[in-house]
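Here is how the chains run, residue by residue.
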Amino acid sequence: MTAIILDGKQLAQDMRGELAEEVTDFFENNSITPKLAAVLVGEDPASEVYVRNKQIACQKAGIESELHRLDADTAEDDLLALITRLNKDNDVHGILVQLPLPGHISTERILRAVNPMKDVDAFHPENVGLLVQGRPRYLPCTPSGVREILRRYEVPTVGKHIVIAGRSDIVGKPLANMLLTRGADGDATVTVCHSKTSDLAEITRTADILVAAIGRPRMLTAEMIKPGAVVVDVGINRTEDGLVGDVDFDGAKEIASHITPVPRGVGPMTVTMLLFNTLQAARLQAF
Ligand code: NDP
């Protein structure tokens, strides 16, 4: 058996077309162009690429974007002052602080400073709390991209056992909360694994849907996957062979029913969901 490829790149492209139409309608009805302000501190090469991709994607969707570049040795107070200014700027609907921040800056303090209405990454404690309560204002971008892939490829979650490998605040934990939510896009039984989980393979082999968000190249192998399971690989690892996921794709695709590739899987969906959140932020702030 060779798995159906869950083509996140194609899906993201289709969704960005839909988004561009929604942005045009929003402008025609309200004379407002959604705007995203990105903040990049330091010169981390991966962060540079991510921010550039987000800006290009904004441009193509008709969303305005501006980039605030700060030196790696910027003081925390100066960064906070910039965020305060962006919070007050009525033309800015979404604020994105590209992570990771340099070590001398408290990420927690910075993310808490972003106006929750402009928090399009959904990292602010208020937005995390709303998500946990099952009434999200914004959905965090990567988990939302995973859920959208499942939805659009008509992979049901109701009653399924979903195993998520990884418990980060950015991927594993919010995704678990989303999949636990009552309703057609949730209602799953969710198990979250991490580095202290005993016998990871025993648990992953019980998954109807297995989500890998670990950051270890090709760690989840075919033997750890139940035949016919749906595999979603969030991992992005730079190796000598180029970008690879957390799943051993070549082996896994022979046993899974559906699988996301890396690249062309979850990555492009993450950016797409950020754009949708920016439009949503403009809507919420317009009325
Ligand atoms: P983190 O490093 O924040 O979290 C990794 C998680 O994996 C932790 O919970 C950790 O456990 C767990 N883990 C590590 N080693 C093992 C192990 N041997 N067995 C079981 N669990 C383990 O990573 P992120 O969540 O930020 O990212 C995960 C991956 O997803 C990375 O490759 C990252 O590049 C990628 N990513 C991709 C995105 C996309 O758009 N496609 C967006 C964000 C991330 P513990 O908590 O115990 O340390």
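Heads up: the structure comes first, above all this text.
Residues numbered from 1 in each chain as written. Predicted model: local features only at pLDDT ≥ 70, side-chain atom pairs only at ≥ 80, totals over all residues. Heavy atoms only, no water.

## A look at helix H2 (residues 45-61)
The test is simple: Secondary structure counts use DSSP, requiring at least four H or I residues in a row for a helix and at least two E residues in a row for a strand, with both numbered from the N terminus. Between the first and last residue of a helix there are one fewer steps than residues, each counted as 1.5 Å, and that sum is the expected span. Each residue is assigned to one of three classes by its accessible area relative to the maximum for its type, calculated with a 1.4 Å probe on protein chains only: buried under 20%, partly exposed between the two thresholds, exposed over 50%.
Here H2 is 17 residues long and its end C-alpha atoms lie 25 Å apart, about the 24 Å a rise of 1.5 Å per residue gives. Of the residues making up H2, those classed as buried are Ala-46, Ser-47, Glu-48, Val-51, Lys-54, Ala-57, Cys-58 and Ala-61. Note on H2: the residue one or two positions beyond its end, Gly-62, has a positive phi of about 85°.

## Description of the packing of H2 against helix H10 (residues 266-286)
Here is the rule: Convention adopted: a line fitted to C-alpha atoms gives each axis, helices being fitted over their contacting stretch, and angles between N-to-C directions are expressed from 0 to 180 degrees. Any angle from 65 to 115 degrees is called roughly perpendicular, while one under 35 is roughly parallel, one over 145 is roughly antiparallel, and all others are oblique. In this scheme, a crossing is called left-handed if the near helix is turned counterclockwise away from the far one by less than a right angle; it is called right-handed if the turn is clockwise. Here a residue-residue contact requires only that any non-hydrogen atoms of the pair lie within 4.5 Å. Basically, the charged four are Asp, Glu, Lys and Arg, the nonpolar ten are Ala, Val, Leu, Ile, Met, Phe, Trp, Tyr, Cys and Pro, and anything else, Gly included, counts as polar.
Packing of H2 against H10 leaves a shortest axis separation of 10 Å and a crossing angle of 55°. It follows that H2 is oblique to H10 by the angle criterion. By crossing handedness, the relation of H2 to H10 is classed as right-handed. Seen from H2, the contacting residues are Asn-53, Lys-54, Ala-57, Cys-58 and Ala-61; seen from H10, they are Val-271, Leu-274 and Leu-275. Classifying every residue of the contact of H2 with H10 by side-chain character gives six nonpolar, one polar and one charged.

## Structural notes on a nonpolar patch on the surface
What counts, and what does not: Patch building starts from residues that exceed 30% relative accessible area and form no salt bridge, then joins like charges within 9 Å and nonpolar side chains (Val, Leu, Ile, Met, Phe, Trp, Tyr) within 5 Å. Accessible surface area values rest on a Shrake-Rupley calculation with a 1.4 Å probe, where residue burial reflects the displayed protein chains alone. Any Lys or Arg side-chain nitrogen found within 4 Å of a carboxyl oxygen on Asp or Glu counts as a salt bridge.
A surface patch of nonpolar side chains, about 280 Å² in accessible area, is lined by Val-49, Tyr-50, Ile-236 and Leu-243. With respect to the element layout, Ile-236 can be found in the loop between strand S8 (230-233) and strand S9 (237-239).

## Regarding the site of the ligand
The line we're drawing: We call a residue near a molecule or strand whenever a single non-hydrogen atom of that residue lies within 4 Å of it. What qualifies as a polar contact is a pair of N or O atoms within 3.5 Å, subject to a donor-acceptor requirement within protein and to the restriction that residues adjacent in sequence count only when both atoms come from side chains.
In the neighbourhood of the ligand, 20 residues make up the surrounding shell, with Arg-167, Ser-168, Ser-195, Ile-236 and Thr-270 lying closest. Here an oxygen atom of the ligand and a side-chain polar atom of Ser-195 are 2.5 Å apart. Thr-270 is positioned with one of its side-chain polar atoms (N or O) 2.7 Å from an oxygen atom of the ligand. Protein coverage of the free-state accessible area of the ligand, which is 930 Å², stands at 71%. The element contributing the most residues to the shell around the ligand is H10, with three residues.

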